[in-house]
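What the coordinates show
Each chain is listed here by its residues.
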Amino acid sequence: MKYHLTAVSSNAKTGPIPVSTTSSETCPPACPFNDGACYAKSGPLALHWRKVSDESRGDKFDDFLRKIRAIPKNQLWRHNQAGDLFGKGNRINVTQLQKFALAAKRSNGFTYTHKPDTRANIKAIRAANEHITINLSANNLAHADRLLKHGLPVVAVMPIDAGKRERTPAGHRVVTCPATTSDKVTCSSCGLCAKTDRDYIIGFPAHGTSKKKANLIARG
């Protein structure tokens, strides 16, 4: 399994911050976006992800950690523009996640996971969130309500036509990702996803070349 760190991203949405990519083996079968609805399976990112996944590009785990430790103090960055947390399939590799979190503790990193919210996975994520912000990824707003019970930061896929301010079925506040509503905002200028203790969900309207499929999932 390989991991790749891009020191300065050229992605228009993230802005010029470090971003990483992890082998597709880490993506859980439980994620409904695996069936052609994942934004990372098309375009230039898909080509890059494929090379990381077939191990023709990227680093082994220990070499990857050395690069993570070298990220400047307080530098905002995104882990996994494609791929998921350490461990094949639905289960998190707890040892690797904890080593990674410790390597990232000086920087200001954030990421998302579709790993299922089993007791073991949540315990591992909660421990790692002391050093890096891991957002639980909800398939839709109703799913977001269920994930909030864990007391961890949550993001959710929303329908294409979602507004800037939404509410979940249970009434929890949803703030639409500012980078999806304004060309003047990027991850590098926003940083909301890196806030572990926020009291709102961040919503991402279905996007990418497979947004119609993602939209169906977002509508439940």
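Scope of this entry: the structure provided in the associated data block. Model, not experiment: these values are computed from the prediction. (Residues numbered from 1 in each chain as written. Predicted model: local features only at pLDDT ≥ 70, side-chain atom pairs only at ≥ 80, totals over all residues. Heavy atoms only, no water.)

**A short note on helix α4 (residues 119-128)**
Those residues of α4 lying buried are Asn 121, Ile 122, Ala 124, Ile 125 and Ala 128. Looking straight down α4, one finds that the buried residues subtend no more than 160 degrees of arc, so they occupy a single side. Opposite the buried face of α4, at more than 90 degrees from it, the exposed residues are Arg 119, Ala 120 and Lys 123. Packing partners of the buried residues in α4 comprise α3 (94-103), β4 (108-113) and β5 (133-138). (Buried < 20%, exposed > 50% of the residue type's maximum accessible area, 1.4 Å probe, protein only. Helix = DSSP H or I, 4+ residues; strand = E, 2+ residues; numbered from the N terminus. Arc of directions from axis to C-beta. Contact = heavy atoms within 4.5 Å.)

**Side note on unusual backbone geometry**
A positive phi angle is found at Glu 55, which is not glycine, with a value near 70 degrees. Mapping Glu 55 onto the fold places it in the loop between α1 (43-53) and α2 (61-69). Backbone geometry places Asn 74, a non-glycine residue, at a positive phi of 70 degrees.

**Topic: the environment of Ile 134**
Secondary-structure assignment places Ile 134 in strand β5. Taking the C-alpha atoms as reference points, Ile 134 and Thr 113, 21 residues apart in sequence, are found 7.0 Å from one another. Setting aside residues up to four positions removed in sequence, Ile 134 forms contacts with Leu 85, Leu 97, Thr 111, Thr 113, Ile 125, Ala 128, Asn 129 and Pro 153.

**Focus on the side chain of Thr 111**
Note that Thr 111 resides in strand β4. Of the polar contacts made by the side chain of Thr 111, one reaches the backbone oxygen of His 79; its length is 2.6 Å. Not counting chain neighbours up to four residues away, the residues in contact with Thr 111 comprise His 79, Asn 80, Leu 85, Thr 133, Ile 134 and Asn 135. (Polar contact = N/O pair within 3.5 Å; in protein donor to acceptor, adjacent residues only side chain to side chain.)

All quantities given are derived from atomic positions and should not be read as evidence of function.
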